[in-house]
Amino acid sequence: MKISEILKSKEITVSCEIFPPKIGTELEQSRKIVADIAALKPDFISVTYGAAGSTARFTAELAEEVENCGVAALAHITCVSTDEESLDSYLSSLKTNGIENILALRGDMPIGYEPKRVYPHASDLASAIREKGGFCIGGACYPEGHPEAASVSADIDALKIKAESGCEFFTTQMFFDNDIMYSFMTKFQRKGINIPVIAGIMPITNARQLARSASLSGTTVPRRLREIVERFGDKPEAIRQAGIAFATEQIIDLIANGVNNIHIYAMNKPDVAKEILDNISEIRKI
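Residues numbered from 1 in each chain as written. Predicted model: local features only at pLDDT ≥ 70, side-chain atom pairs only at ≥ 80, totals over all residues. Heavy atoms only, no water.

Considerations on the side chain of Asp-43
For step 1, the next point in the chain: Tracing the sequence through the fold places Asp-43 in the loop between α2 (27–38) and β2 (44–47).
For step 2, the next point in the chain: In this structure the side chain of Asp-43 is engaged in a polar contact, spanning 2.6 Å, whose partner is the side chain of Lys-10.
For step 3, the next point in the chain: A polar contact of 2.8 Å, which involves the side chain of Asp-43, links it to the backbone nitrogen of Val-14.
For step 4, the next point in the chain: What Asp-43 contacts, discounting residues up to four positions off in sequence, is Ile-6, Lys-10, Ile-12, Thr-13, Val-14, Ser-15, Val-71, Ala-72 and Arg-284. (Helix = DSSP H or I, 4+ residues; strand = E, 2+ residues; numbered from the N terminus. Polar contact = N/O pair within 3.5 Å; in protein donor to acceptor, adjacent residues only side chain to side chain. Contact = heavy atoms within 4.5 Å.)

Considerations on the environment of Val-272
For step 1, the next point in the chain: With respect to the helices, strands and loops of the structure, Val-272 is situated in helix α11 (residues 270–279).
For step 2, the next point in the chain: Under the relative-accessibility criterion, Val-272 is labelled buried at 4%.
For step 3, the next point in the chain: Sequence spacing of Val-272 and Gln-241 is 31 residues, and the spatial spacing of their C-alpha atoms is 9.2 Å.
For step 4, the next point in the chain: Setting aside residues no more than four positions away along its own chain, Val-272 makes contact with Pro-203, Thr-205, Arg-240 and Ile-244. (Buried < 20%, exposed > 50% of the residue type's maximum accessible area, 1.4 Å probe, protein only.)

Section: the side chain of Gln-209
For step 1, the next point in the chain: Locating Gln-209 in the fold gives a position in helix α8 (residues 207–217).
For step 2, the next point in the chain: A distance of 3.0 Å separates a polar side-chain atom of Gln-209 from the backbone oxygen of Pro-203.
For step 3, the next point in the chain: Ignoring any residue separated from it by four or fewer positions in sequence, one finds Gln-209 in contact with Met-202, Pro-203, Ile-204 and Met-267.

A closer look at the pairing of strand β4 (residues 101–105)
For step 1, the next point in the chain: Within β4, 5 of the 5 residues are buried, which leaves the element mostly enclosed by the surrounding structure.
For step 2, the next point in the chain: Residues Asn-101, Leu-103 and Leu-105 point to one face of β4 and Ile-102 and Ala-104 to the other, with burial holding for every one of them.
For step 3, the next point in the chain: In terms of strand pairing, strand β3 (residues 72–78) meets β4 through 5 bridges, oriented parallel. Paired with Ala-75 across the two strands is Ile-102, which belongs to β4.
For step 4, the next point in the chain: Running through helix α4 (residues 84–96), the crossover from β3 to the neighbouring parallel element β4 is right-handed.
For step 5, the next point in the chain: Both β4 and strand β5 (residues 136–141) contribute to a ladder of 3 bridges, which runs parallel. Paired with Asn-101 across the bridge in β5 is Cys-136. (Pairing = 2+ DSSP bridges. Right-handed = clockwise from strand over helix to strand, strands pointing away.)

See below:
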């Protein structure tokens, strides 16, 4: 099922993200992770692409596994590792396996990697995919503005181009301060962009995870979350419990304020996703 249809048909949606293995010998463990998360009945599961498309083949295989588990799959693809030939091959593989949804991203570039420059921007990639036909296309957005954008306003102008190029929904980068999301949504709507925005939430279950996430994305870490990590960071079970509670509170507040589409960056941890979904089980029924 296309994600655009899911978003139209349900008042509240909750989805999860997984990442494929780096080597094939780990694929069976990844298939188990897919099955465990699919059993939680998310509205869809997205499968990442790896730096510079390093896990592209496994992305397609795990997306197929998601569909086989009865859940809509969203397969990622990046500009930096894609040319016309590889795009045709990848889309053909997805279509063969019944995958209707794709997330068009610019992608991160590892140090020393020479990117392919056929599609300079995610909007160019989205436009090329739209021309091929048959896919519901999503894109990424940054509530605090893309790190390379001149301003949040300029970044939202770029989002409008993405929407005009074929994106039917956006999923946000992780954020930890809901007020930032609400401010972003106000600016987004004032630009006249009328497609759904899915709020990306990352549960912080260990101290290193927060430091890495913040450094990579430039995401603001609010005082309350910093204090949680400082107080419980050296106690694995305590920081896990506190991180799940923080993410749950974020989600409840978002839904209470009309941000009804939630995406959980589950980091291949079905147990963490389960606890969060259990915490909002009645809310999801609204």
